[in-house]
Amino acid sequence: MPTAVALEDAKVAFRLGDGRVYTAVEKAHLAVAQGEFVAIVGPTGCGKSTLLNVAAGLLKPAAGNVKIFDRPLAGLNRDAGYLFQADALFPWKTALDNVAIGLEIKGTPRAEALPRAQKWLTSVGLGAFAGRYPHMLSGGQRKRVALAQVLIRDPKILLMDEPFGPLDAQTRQVMGNLLLDLWNADRKAVLFVTHDLEEAIALADRVVIMSAGPSSRIIGDWRVSLPRPRDIFEVRLDKEFHALHREIWSVLKDEVMKGYAQSTQAAEAV
Amino acid sequence: MSRPTLFALQVLVAVVCIVLWQVLSTVPVFGKILLPPFFFSNPFDVFSQIVKWFASGVIWKHLGITLAESILAFVIGSLGGVLVGFWFARQPLVAAVFDPYVKMVNALPRVVLAPIFALWLGLGIWSKVALGVTLVFFIVFFNVYQGVKEVSRTVLDNGRMLGMSERQLMQHVYWPSALSWMFSSLHTSVGFAVVGAVVGEYLGSAAGLGYLIQQAEGVFDVAGVFAGMFVLSAFVILIDFGVTLVERRLLVWRPTASDGRG
Ligand SMILES: Nc1ncnc2c1ncn2[C@@H]1O[C@H](COP(=O)(O)OP(=O)(O)O)[C@@H](O)[C@H]1O
Ligand SMILES: [Mg+2]
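- Chain B appears in an unreviewed UniProt entry as ABC transporter permease from Bradyrhizobium nanningense.
- Checking UniProt for chain B, the heading Subcellular location (unreviewed entry) contains the comment "Cell membrane".
- Per UniProt, the comment on chain B under Sequence similarities (unreviewed entry) is "Belongs to the binding-protein-dependent transport system permease family."

### Thoughts on the environment of Gly122(B)
Residues and elements named next belong to chain B.
- Relative to the elements of secondary structure, Gly122 occurs in the loop between α6 (113–121) and α7 (125–149).
- For Gly122, a relative accessible area of 27% gives the class partly exposed.
- A sequence separation of 32 residues divides Gly122 from Arg90, and the C-alpha atoms of the two residues are 37 Å apart.
- When neighbours within four sequence positions are excluded, Gly122 is seen to be in contact with Phe117 and Ser127.

### With respect to the nonpolar core
Residues and elements named next belong to chain A.
- Membership of the largest hydrophobic core comes to 53 residues, with the highest contact counts inside it found for Phe37, Ile201 and Val207.
- When residues of this core are assigned to domains, at least three map to each of domain 1 (1–79 + 157–219 + 245–260) and domain 2 (82–154).
- Among residues more than four places away in sequence, those in contact with Phe37 are Leu179, Leu180, Trp183, Val190, Phe192, Leu203, Ala204, Asp205, Arg206 and Arg228.
- By size, the runner-up hydrophobic cluster in this structure holds 33 residues, among which are Leu30, Leu51, Tyr82 and Ile157.

### Examining the site of ligand 1
Residue and element names in this part refer to chain A.
- Inspection of the region around ligand 1 gives Phe14, Leu16, Tyr22, Ala24, Thr44, Gly45, Cys46, Gly47, Lys48, Ser49 and Thr50 as its neighbouring residues.
- Ser49 is positioned with one of its side-chain polar atoms (N or O) 2.7 Å from an oxygen atom of ligand 1.
- Between ligand 1 and the protein, one listed contact pairs an oxygen atom with a side-chain N or O atom of Thr50 at 2.5 Å.
- Considering ligand 1 on its own, with 560 Å² of exposed area, one finds that the protein chains cover 63% of that surface.
- Within the residue set of the shell around ligand 1, elements represented by two or more residues are β2 (21–33) and α1 (48–56).
- Broken down by element, the residue count for the shell around ligand 1 peaks at three residues, all from α1.

### Overview of α1(A)
- The buried fraction of α1(A) amounts to seven of the nine residues, a majority that puts the element mostly inside the structure.
- Two residues or fewer after α1(A) comes Gly57(A), characterised by a positive phi angle close to 85°.

### Things to note about the pattern of salt bridges
Residues and elements named next belong to chain A.
- Under the counting rule described, the total for this entry stands at 21 salt bridges over all chains.
- Close ionic contact of Arg206 with Glu36 constitutes a salt bridge, the shortest N to O distance being 3.1 Å. One end of the pair, Arg206, is in strand β9 (residues 206–210); the other, Glu36, is in the loop between β2 and β3 (37–41), with 170 residues separating them in the sequence.
- The class for Arg206 is buried, based on a relative accessible area of 9%.

### Details of empty space enclosed by the protein
Residue and element names in this part refer to chain A.
- Considering all chains together, one arrives at one cavity of 30 Å³ or more under this definition.
- A volume near 70 Å³ is recorded for the largest cavity.
- Every residue lining the largest cavity is counted, 13 residues in all, and those nearest its centre are Leu83, Phe84, Ala86, Ala88 and Ala146.
- Where the lining of the largest cavity is concerned, the elements lending two or more residues are β6 (80–83) and α4 (139–151).
- The biggest single contributor to the lining of the largest cavity is α4, with five residues.
- Along the lines of polarity and charge, the residues of the lining of the largest cavity split into eight nonpolar, two polar and three charged.

### Here's the deal with the pairing of strand β8 (residues 189–194) of chain A
- The buried fraction of β8(A) is high, at six of six residues.
- Residues Ala189(A), Leu191(A) and Val193(A) line one face of β8(A) and the alternating positions Val190(A), Phe192(A) and Thr194(A) line the opposite face, and both faces are buried.

### A word on the interface of chain B and chain A
- Facing 22 residues of chain B, the contacting portion of chain A comprises 26 residues.
- Of the roughly 2200 Å² buried between chain B and chain A on both sides combined, carbon and sulfur atoms contribute 66%.
- When the area that chain B buries against chain A is broken down by residue, the three leading residues are Met161(B), Leu162(B) and Trp253(B), summing to 35%.
- Counting residues per element, the ones that place at least two in the side of chain B that touches chain A are α8 (153–161) and α9 (166–184) of chain B.
- At seven residues, the largest contribution of residues to the side of chain B that touches chain A is made by α8(B).

### Some thoughts on the domain arrangement of chain A
All names here are of chain A.
- According to the domain assignment, chain A consists of domain 1 (1–79 + 157–219 + 245–260) and domain 2 (82–154).
- Between domain 1 and domain 2, the C-alpha centre-to-centre distance is 24 Å.
- The partner domain 2 presents 15 residues to the 19 residues of domain 1 that form the contact.
- Of all residues in domain 1, the largest losses of buried area upon contact with domain 2 belong to Asp161, Met175 and Leu182, amounting jointly to 28% of the total for that side.
- Across the pair Asp154 and Lys188 runs a salt bridge, and its minimum N-O distance is 2.6 Å.
- Linking domain 1 to domain 2 there are five residue pairs in polar contact (both at pLDDT 80 or more).
- Contributions of two or more residues to the side of domain 1 that touches domain 2 are made by α1, β7 (157–161) and α5 (169–186).
- Residues that form the side of domain 1 that touches domain 2 fall into these classes: 13 nonpolar, two polar and four charged.

### Notes on the UniProt feature "domain: ABC transmembrane type-1" (unreviewed entry) in chain B
- The UniProt feature table records "domain: ABC transmembrane type-1" (unreviewed entry) at residues 63–247 of chain B.
- For residues 63–247 of chain B, the end-to-end C-alpha separation is 24 Å, with 86% helix and 0% strand making up the annotated structure.

### Let's talk about the confidence of the model for chain B
Residues and elements named next belong to chain B.
- Mean pLDDT for chain B: 90, with 98% of residues reaching 70 or above.
- At the low end of the mean pLDDT range in chain B sits helix α2 (residues 37–40), at 86; at the high end sits α8, at 95.
- The complex model carries a pTM of 0.83, and its ipTM stands at 0.91.

The rules behind each value
Sequence order sets the numbering: in each chain, residues are counted from 1 along the sequence as written. Labels are handed out in written order, letters beginning with A for the chains and numbers beginning with 1 for the ligands. Owing to the predicted nature of the model, reporting of local features is limited to residues with pLDDT of at least 70; listing and counting of side-chain atom pairs is limited to 80 or more, with chain, interface and lining totals taken over all residues. Hydrogens and water molecules were not included; the side-chain quantities draw on all heavy atoms of the structure. UniProt positions are given in the numbering used here, feature names are shortened, and annotations may be inferred rather than shown by experiment. Only DSSP runs of H or I covering at least 4 residues are called helices, and only runs of E covering at least 2 are called strands; the numbering of each starts at the N terminus. Exposure categories follow from relative accessible area, calculated using a 1.4 Å probe and restricted to protein chains: below 20% of the type maximum is buried, above 50% is exposed, and the middle band is partly exposed. Any two residues whose heavy atoms approach within 4.5 Å are treated as being in contact. Side-chain atoms within 4.5 Å link the members of a nonpolar core, which is a set of buried Ala, Val, Leu, Ile, Met, Phe, Trp, Tyr and Cys residues. Residue ranges for the domains originate in an automatic or database domain assignment. One heavy atom within 4 Å of a molecule or strand makes the whole residue count as near it. Any pair of N or O atoms that falls within 3.5 Å is considered a polar contact. Within protein, one atom must be able to donate a hydrogen and the other to accept it, and sequence-neighbouring residues count only if both atoms are side-chain atoms. Accessible surface area values rest on a Shrake-Rupley calculation with a 1.4 Å probe, where residue burial reflects the displayed protein chains alone. Each salt bridge in this description consists of a side-chain nitrogen of Lys or Arg and a carboxyl oxygen of Asp or Glu lying within 4 Å of one another. Using only the protein atoms, space was sampled on a 1 Å grid; points where a 1.4 Å probe fits but cannot get out form cavities, open sets with protein on both sides within 12 Å along at least five of seven lines form pockets, and lining residues are those with an atom within 4 Å of a point. Grid points are joined across faces, edges and corners, and a volume is the space filled by probe spheres set on the points. Under the grouping applied here, Gly and all other residues not named as nonpolar or charged are polar, the nonpolar ones being Ala, Val, Leu, Ile, Met, Phe, Trp, Tyr, Cys and Pro and the charged ones Asp, Glu, Lys and Arg. Summed over both partners, the accessible surface that disappears when two parts come together, traced with a 1.4 Å probe, is what is meant by buried area. How sure the predictor is of each residue is captured by pLDDT, a score from 0 to 100.

See below:
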């Protein structure tokens, strides 16, 4: 299998306003094979979004390499579709136009783009909401539109940043199954960031754990060999799921505590 | 409160004011007229003056002139504001260099410019248009500048990741964002276009609502002054109503305060 995304000892640092340098990620070594679904889990502020931005080409690493299909990444990652953590839909476009824009940008005539966008909206369960503007949709519906917006361009790599983060537990599971169904159709390489370990195990082929920041690292890498196709509701009842969850949590727990302690200390220092 | 009740109350306020005005300016209270007609006229005279203007048709010419000046001021000022706003927002260096001068010119009370414009452009409509432009331009400029600069980082990144070129970002992201800011100040900028026109007329012209009011003042015709003011208010309210219609059409995508979230 060729490697879709490779981070080779990537280091990311931010220059703060007062001139100091904040090292968010010290050294990240990570490879995502073609067709592989990799989940990144870590405490808040450990640099998960930062890593995705590096893979997307929105952020340049201070050291190390980024390779996309074995070629060094220069500029934006044109093979990747990015589902952002925050709302990223164009508020002045309807759901349909938001999805169609991905094709129109490439020069697809509007008359051809619109029916295809409608089809994608239908496949994320929003066929009847085509004419709505983003502010008239619920949080979960907006995430579905965003998913359709990214998938209509058929990217080879899918980068997802806590896409179901703000949703309630039931909606998350429904969205998870929807994502698995869509992914099963053509098995893109996926880099999926979440703070929810259960979600990570239920969805992914591999779960990668990051340590608490600053200067975070990748501290663990587990293969999830639960059979596919999976159903998120049922996979959680599996014995293997529980064993794996216990094993990974024993490592993650310490980091979550550390991350919490650091974030409160930082707050007190201010 | 239901709409008809509200409307009835609104009308009631007007009726009470007009009746009070009429009574106090014609019926002596304790042997004294509280609103001497020479200074306050009375509603009947004001109304007859308005009727006379519309019956004879002289008012249309003045309304037409003021409307033309306002529209020209609005269009030219908006175009300039949009262009310069975009330019400054996309070229931070240019914005930084011109910043103190923009602030300086904007701080200037525009009335003092009226005589200069009259000198440069004559007493016709263009000196009034120019005055309106100096008012409209800055409102639109500041809003467009803000609109372009405040585009959400995520929305912009999303556009880039979807493959937008700089030109496409302009078209699909910066432009709609800037327009929405501009439209949110539409009432203010249209209002200022009218203010520019009327003040310009008032300070020196041969036609327009401002001219009408100024002429009446010149001969102590208080009824004429009030009549001019009422026609001007009605004119502004009509324009404002038109703006509301346009705004509703163009900003459908925006959540309004009354919208439920979720
Ligand atoms: N532009 C920035 N400037 C300075 N620090 C940043 C910037 N972006 C992120 N950080 C810091 O880097 C760390 C990692 O951020 P992020 O990747 O967003 O975390 P998360 O894992 O929650 O997604 C955080 O401590 C954050 O404060
Ligand atoms: Mg994040």
